[in-house]
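What follows is each chain in one-letter form.
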Amino acid sequence: MSGRALLRAVAGFDLVVDRAFERRLRDRPVVDRVMYGASAVGDHGILWFAIAALQQVRRRRAGVASWRPFLRTAAGIGIESALVNGPVKWMFRRDRPAVDTARPLRLRQPRTSSFPSGHATSAFCAAALLRDGDPWWPLYYCAAVVVASSRVHVRIHHGSDVAGGIILGIALGEIARYLVPLDAESATE
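In short, a report on the structure. What you see is a predicted model; the values in this text were computed from it and never measured.

The rules behind each value
Residues numbered from 1 in each chain as written. Predicted model: local features only at pLDDT ≥ 70, side-chain atom pairs only at ≥ 80, totals over all residues. Heavy atoms only, no water. Helix = DSSP H or I, 4+ residues; strand = E, 2+ residues; numbered from the N terminus. Buried < 20%, exposed > 50% of the residue type's maximum accessible area, 1.4 Å probe, protein only. Polar contact = N/O pair within 3.5 Å; in protein donor to acceptor, adjacent residues only side chain to side chain. 1 Å grid on protein atoms, 1.4 Å probe; cavity = no way out; pocket = protein on both sides within 12 Å on 5 of 7 lines; lining within 4 Å. Points joined across faces, edges and corners; volume = space filled by probe spheres on them. Core = buried A, V, L, I, M, F, W, Y, C linked by side-chain atoms within 4.5 Å. Contact = heavy atoms within 4.5 Å.

1. A few points about the side chain of Gln-55
- Secondary-structure assignment places Gln-55 in helix α3 (residues 46-61).
- Under the relative-accessibility criterion, Gln-55 is labelled buried at 2%.
- Here the side chain of Gln-55 touches Asp-134 through a polar contact of 2.6 Å, side chain to side chain.

Structural data, given as structure tokens:
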């Protein structure tokens, strides 16, 4: 596939995704509040650090003293953020979607490149790092889907930015899990 054909395919994908959000989800007050809220708690990894802290509290109450899971998650999110919001976004320098209408709710405007979505990357990286030994792990992936898709909903990212972020986040999370495995005791809830 040539470069131009790839760009056309990506633009077509973005258009289909944006139209689906426009027809089915946008301008619905409850959905808007959920998506704008998800986008806000995804800023700077707030949600993922909070979940890691709650996991640590649960582990301590269960008699597991190791800080390794919390530190692995915090370091993983920090490294992911530095990589994605630095050299990766700098390489692509993609413009964000043009917004010609007023947003229904307030939203922080990022200054970095659109590709890949840092929210999607951190969400899926964090979900991978948080899942070891935690029976609630499916909820982390559900939250990751909501945070990632919120970026298309609020028109901060193109659909392909989010898709790329999801793929990169999964890869980074699995690499981190491989490089810094948790022993059975420290991963147990």
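Moving on, there is more to tell.
2. A word on the layout of surface pockets
- Within this model, the largest pocket holds a volume of roughly 320 Å³.
- Around the largest pocket, the lining is made up of 21 residues, and of these His-44, Ser-81, Asn-85, Arg-108 and His-119 lie nearest the centre.
- Where the lining of the largest pocket is concerned, the elements lending two or more residues are α4 (68-92) and α5 (118-130).
- Examining the composition of the lining of the largest pocket, we find that six residues originate from one element, α4, more than from any other.

3. Let's talk about the nonpolar core
- Ranked by internal contacts, the top residues of the largest apolar core, which has 23 residues, are Trp-48, Ala-123, Phe-124, Leu-130 and Ala-144.
- Every element with two or more residues in this core is listed here: α1 (3-24), α2 (29-42), α3, α4, α5 and α6 (137-153).
- Here this core takes seven residues from α5, the largest share from any one element.
- Ignoring anything within four residues of it in the chain, the contact list for Leu-130 reads Trp-48, Ile-51, Ala-52, Gln-55, Thr-73 and Tyr-140.
- In terms of nonpolar packing, the next biggest core, distinct from the first, is built from five residues, Val-84, Cys-125, Leu-129 and Leu-172 among them.

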